[in-house]
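An overview of the molecular structure
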Amino acid sequence: MATKAMRVFNRSVKRLQRDSAATVRLNDGRDFSYLREEVAARLVDRLDYINRKFDKAIDIGSFTGHVYRALGENNICGIESLVQCDLSADMLRVGEQLSGGAAQQISTEYIVADEEEGLPFERGEFDAAFSSLNLHWCNNLPGVLTEINRCLRPDGVFVGAMLGGDTLKELRSSLLLAEQEREGGVSQHVSPFAHVGDIGQLMQSAGFAIPTIDTGIITIEYPDAFVLMEHLQGMGENNASITRRDHLGRDTLLAAAAVYQEMYGNDDGSVPATFQVIYMIGWSPDPSQPKADCRGSGKLSLKDIEGAKVARSDDVFEQDSSDKRTQEVLYTPTTLTEDK
């Protein structure tokens, strides 16, 4: 891709981490997909607001097929075929083994591809594109978004979700404080994440029309910080930044767990972990899409609009407070499937 970007993540390390997570799933049968399954379901739910039919779609960073299975449960847009892409062949292999059930009505194929190196598809090949909890590991996010746009037909839609800047803020601060106290310095242990305010501009720069951005917080409770770190590794979400330390001393880890418990721990002994998810929708440009009216063509004054908003403020508040999508969701990993 023509767009250049500073190298923040080691993509080879990330591929190895995903391979390792897939091996755990295959050999040990341990499933750490609860967060990805939840976010994929919320991502696909956003299709409820799109009154369109899309025949062919692509899932970029598909992992084990979370979007594929979510579409099988709520394929309101009538997607008939889905191409699943991931940089880890082992992840795709697990996804192929897990495929079935309601999702069988959607034909699928699996392709190993690194989106940072360019997607191996023709221009305008897809009606829709998805990416769930994958883009936050891209060094060249503007270039990847541009490449996704290239693969969409005119008036095609991109629906994505990525982790935002408040993700794992508790773990980040606990590790920093512990390392400062035990080793007299700090290093990066939690990968950097994009902020929601930057995503809209990035999508516009990539050529997407009518971008829509929203964000939500998912809080998951773990028995302690060590279980959290084990689950992050099982998800393939452990740190892959090029400046990461390969080893952290036992004393520092114990201190970090103690800081985490002291600063953020719940009364029952568990600790919360915050995951900020940024959702985005963008459209490949097409002349048929609605456009903003010319400046000065409005027929209402700002004073009239403000008066109408004040008159309806109570009604608006009631509607917003009842919208489950805007509320924090609290889960425990061991009971997530039952709670859903």
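Before going into details, it helps to say that this report is about the structure given with it. (Residues numbered from 1 in each chain as written. Predicted model: local features only at pLDDT ≥ 70, side-chain atom pairs only at ≥ 80, totals over all residues. Heavy atoms only, no water.)

1. So, empty space enclosed by the protein
Taken as a whole and assessed by the stated rule, the structure comprises 2 cavities of 30 Å³ or more. Volume-wise, the largest cavity comes out at about 130 Å³. Together, 14 residues line the largest cavity, and R25, S33, T64, M91 and G234 are the ones closest to its centre. When residues of the lining of the largest cavity are traced back to their parent elements, those giving at least two are α1 (11-28) and α8 (225-235). In terms of residues, the lining of the largest cavity owes the most to one element, α1, which gives 3 residues. Estimates place the volume of the second largest cavity at around 60 Å³. If you go around the second largest cavity, the residues you meet are R36, D59, G61, S62, F63, H66, V67, S132 and L133. (1 Å grid on protein atoms, 1.4 Å probe; cavity = no way out; pocket = protein on both sides within 12 Å on 5 of 7 lines; lining within 4 Å. Points joined across faces, edges and corners; volume = space filled by probe spheres on them. Helix = DSSP H or I, 4+ residues; strand = E, 2+ residues; numbered from the N terminus.)

2. Focus: the side chain of Q17
Turning to its location among the elements, Q17 is positioned in helix α1. Owing to a relative accessible area of 11%, Q17 belongs among the buried residues under this scheme. Excluding anything up to four places from it in sequence, Q17 contacts G236, N238, N239 and A240. (Buried < 20%, exposed > 50% of the residue type's maximum accessible area, 1.4 Å probe, protein only. Contact = heavy atoms within 4.5 Å.)

3. Some details on the pattern of salt bridges
Following the criterion strictly, the structure yields 17 salt bridges and no others. Here D86 ties to R18 by a salt bridge, and the two come within 3.1 Å at their closest N and O atoms. Separated by 68 residues along the polypeptide, D86 in strand β2 (residues 81-86) and R18 in helix α1 bring together distant segments of the chain. Among the residues examined, D86 registers a relative accessible area of 1% and is labelled buried. With its nearest N and O atoms 2.6 Å apart, the salt bridge here joins E181 to R182. Each of R11, D114 and E115 takes part in salt bridges that share partners, so that together they form one network. (Salt bridge = Lys/Arg side-chain N within 4 Å of Asp/Glu carboxyl O.)

4. Section: unusual backbone geometry
In this structure, F63 is a non-glycine residue whose phi angle is positive, near 55°. Position of F63 relative to the elements: it lies in the loop between β1 (56-60) and α3 (66-73). One non-glycine residue with positive phi stands out, namely D155, at about 70°. Tracing the backbone through its elements, the reader meets D155 in strand β5 (residues 152-163).

5. With respect to helix α2 (residues 34-45)
Compared with an ideal rise of 1.5 Å per residue, which puts 12 residues at 16 Å, α2 spans 17 Å between its outermost C-alpha atoms and is within 8% of the ideal. Among the 12 residues in α2, 10 count as buried, and that is most of the element. Restricting attention to buried positions, one finds in α2 the residues Y34, L35, R36, E37, E38, V39, A40, R42, L43 and V44. (Expected span 1.5 Å × (residues − 1).)

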